[in-house]
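# Chains, contacts and geometry: an overview
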Amino acid sequence: MSELQFEHGIVKEIGNKEVIVSAANKEYHITLSNEEEEVIQILLLEEDVPYVLIDTKNNRLVFEDELNMTEHHQPELADLESDAVDSDGYVK
């Protein structure tokens, strides 16, 4: 059975420019850029979200904006217009 390229994992430890993520019964040691380090700190400290998506083949974190996973980017929802939804797709 082959590995999936993307796995959700739990952040076990964060250090200087590195994060250790546990996913699929493995530990991944991922080197972080300055921007990634800031984002992961916000997720962990401010939003209390210990889960991250990792690219297991390239050993890196993947953030939602890279995958365009928000609803307002989905073509099948592009024609929906409502006074209750702003231009970013969030409910007012």
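### Overview of the sheet that holds strand 5 (residues 60-62)
Judged by pairing direction, the sheet is antiparallel, and its five strands sit side by side in the order 3-2-1-4-5 without closing on themselves. The sheet terminates laterally at strand 3 (26-31) and strand 5, the two strands that pair on one side only. Across the sheet, the mean angle separating the axes of adjacent strands is 50° when strand polarity is ignored. As defined by bridge partners, strand 2 (residues 18-23) adjoins strand 3 across six bridges and the pair is classed as antiparallel. Across the sheet, A23 pairs through a bridge with K26, a residue of strand 3.

### Some words on the nonpolar core
Side chains that are nonpolar tend, in soluble globular proteins, to be buried together. With 13 residues, the main nonpolar core has V19, V21, I30, I40, V52, I54 and L61 as its most contacted residues. Those elements giving two or more residues to this core turn out to be strand 2, strand 3, helix 1 (34-46) and strand 4 (51-55). Counting residues per element, this core draws most heavily on strand 2, which supplies three residues. With residues up to four places along the chain from it excluded, the contact list for I40 reads V11, I14, L32, V52 and L61.

What counts and how
- Residue indices follow the written sequence of each chain, beginning from 1 at its first position.
- Since the coordinates come from a predicted model, pLDDT governs what is reported: local features require at least 70, and pairs of side-chain atoms require 80 or more to be given and counted, while whole-chain, interface and lining totals use all residues.
- Water and hydrogen atoms were dropped before computing side-chain values, which therefore reflect all heavy atoms in the structure.
- Strand pairing requires that DSSP identify at least two bridges connecting the strands.
- In this description a helix means any DSSP run of H or I spanning at least four residues, a strand means any run of E spanning at least two, and both kinds are numbered starting from the N terminus.
- Inter-axis angles, ranging from 0 to 180 degrees, are taken between N-to-C directions of lines fitted to C-alpha atoms, where helices are fitted over the stretch in contact.
- Grouping buried Ala, Val, Leu, Ile, Met, Phe, Trp, Tyr and Cys residues that are joined through side-chain atoms within 4.5 Å yields what is termed a nonpolar core.
- Each residue's exposure class comes from its accessible area (1.4 Å probe, protein chains only) as a fraction of the maximum for that residue type: buried when under 20%, exposed when over 50%, partly exposed otherwise.
- Residues count as neighbours in contact if any of their non-hydrogen atoms are within 4.5 Å of one another.

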